[in-house]
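# Residue-level structural notes
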Amino acid sequence: MEDGQIIDLYWSRDQRAIQETDGKYGKLLGGIAWNLLQSREDAEECVNDTYLRAWDAIPPARPRAFRAWLGQITRNLSLDLWKRRRAEKRGGGAEALLGELEDCVPAGGGAVRTVEDWELAEALNGFLRGLSREGRSIFLRRYWYGQSVAEVARALGCGEGKVKSSLFRSRGALRAFLEREGIGL
């Protein structure tokens, strides 16, 4: 079923919308949550919460990029859950991913940083547009979708060394790009 048809089901409050969403995107959303949380139960919880958020948001929302919109919801829910559970257990998952980027992006600081966060997001989009297609794919697979280096290499049909080198170069380029843009680290 096409995304527009699924969204129409949400608009008409037809419960098949959730089944269709799960059938089309459940595996992707589960993968995003798993890569960040490393827990099947937590990943399932985040995916189910994503469907609830979609149900509550449509209408009035009519997302243009439904797949990306759902992925962002799942990612945000997973990161929120990870932060809540972080006090209980440390290491792996999102902590490892965020640790790789800690020297590249500024630390968060609450509601006061809303405008700065928006500016950072715009700068990151500009940075990503400047990467090669392969470099962008490697960067997004690792830092947005939370895939391991091995998973990225397997998906792109290249060696892990190439992925690691690309990520290293991209992090350095990102740091330099943000400094040029006047975004403090």
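Residues numbered from 1 in each chain as written. Predicted model: local features only at pLDDT ≥ 70, side-chain atom pairs only at ≥ 80, totals over all residues. Heavy atoms only, no water.

## Digging into the overall build of the protein
The helix and strand tally for the protein stands at nine helices and zero strands. Order of helices (α) and strands (β) in the protein, N terminus to C terminus: α-α-α-α-α-α-α-α-α. Counting every position in the protein, which comprises 185 residues, the buried fraction comes to 37%. In the protein, once contacts between residues fewer than 6 apart in sequence are set aside, the share between residues at least 24 apart is 63%. For the protein, the exposed area adds up to about 10,900 Å²; of that, 50% sits on carbon and sulfur atoms. (Helix = DSSP H or I, 4+ residues; strand = E, 2+ residues; numbered from the N terminus. Buried < 20%, exposed > 50% of the residue type's maximum accessible area, 1.4 Å probe, protein only. Contact = heavy atoms within 4.5 Å. Areas by Shrake-Rupley, 256 points an atom, 1.4 Å probe, with all protein chains shown as cover.)

## Remarks on the packing of aromatic side chains
Each pair of aromatic rings is reported with the distance of its centres and the angle of its planes. Applying the stated rule across the entire model yields seven aromatic pairs. Judged by centre distance (5.9 Å) and plane angle (70°), the rings of F127 and F139 are edge-to-face. Here F127 is found in helix α6 (residues 114-130), whereas its partner F139 is found in helix α7 (residues 133-143), with twelve residues between them in sequence. For the pair F127 and F139, one class covers both residues: buried. Of the aromatic side chains, those joined through ring pairs into one cluster are Y10, Y25, W55, F66 and W69. Taking the ring centre of W55 as reference, the NZ or CZ of R13 above it sits at 4.0 Å. (Phe/Tyr/Trp six-rings, centres within 6.5 Å; stacked < 30°, edge-to-face > 60°. Lys NZ or Arg CZ within 6 Å of the ring centre and 35° of its normal.)

## Focus: the side chain of N35
With respect to the helices and strands, N35 occurs in helix α2 (residues 16-37). Given a relative accessible area of 10%, N35 falls into the buried group.

## Looking at helix α3 (residues 40-57)
Taking 1.5 Å as the rise per residue, α3 with 18 residues should run 26 Å; its terminal C-alpha atoms sit 26 Å apart, in good agreement. Among the residues of α3, D42, A43, C46, V47, T50, Y51, A54 and W55 are the ones counted as buried. Those residues of α3 that are buried lie in contact with α1 (3-11), α2 and α4 (66-86). (Expected span 1.5 Å × (residues − 1).)

## What about the side chain of Q147?
Inspection of the secondary structure puts Q147 in the loop between α7 and α8 (149-156). The class of Q147 is buried, set by a relative accessible area of 17%. Ignoring anything within four residues of it in the chain, the contact list for Q147 reads N35, R141, R142 and V152.

## Here we look at the pattern of salt bridges
In this structure the tally under the stated criterion is six salt bridges. Measuring nitrogen to oxygen at the nearest pair gives 3.2 Å for the salt bridge that ties D8 to R62. In this pair, D8 is assigned in helix α1 and R62 in the loop between α3 and α4, connecting sequence segments 54 residues apart. Accessibility expressed as a relative area gives 45% for R62, which makes it partly exposed. Residues R40 and E41 are paired through a salt bridge, measuring 3.3 Å at the closest nitrogen-oxygen approach. (Salt bridge = Lys/Arg side-chain N within 4 Å of Asp/Glu carboxyl O.)

## Here's the deal with the nonpolar core
In terms of nonpolar packing, the biggest core is built from 18 residues, with F127, F139, V163, L167 and L178 touching the most fellow members. Per element, the largest residue contribution to this core is five residues, and it comes from helix α9 (residues 160-180). Formed by 14 residues, the second largest nonpolar core is a distinct cluster that contains I6, L9, W55 and I58. (Core = buried A, V, L, I, M, F, W, Y, C linked by side-chain atoms within 4.5 Å.)

## Considering the packing of α1 against α2
Axis separation between α1 and α2 bottoms out at 8 Å; the angle between their running directions is 150°. For the element pair α1 / α2, the angle class is roughly antiparallel. As α1 packs across α2, the resulting crossing turns out to be left-handed. Contacts between α1 and α2 involve D3, I6, L9 and Y10 on the former and, on the latter, R16, A17, I18, E20, T21, K24 and Y25. (Axes fitted to C-alpha atoms, helices over the stretch in contact; angles between N-to-C directions. Parallel < 35°, antiparallel > 145°, perpendicular 65-115°, else oblique. Left-handed = near helix turned anticlockwise from the far one by under 90°.)

In short, geometric facts, not functional conclusions.
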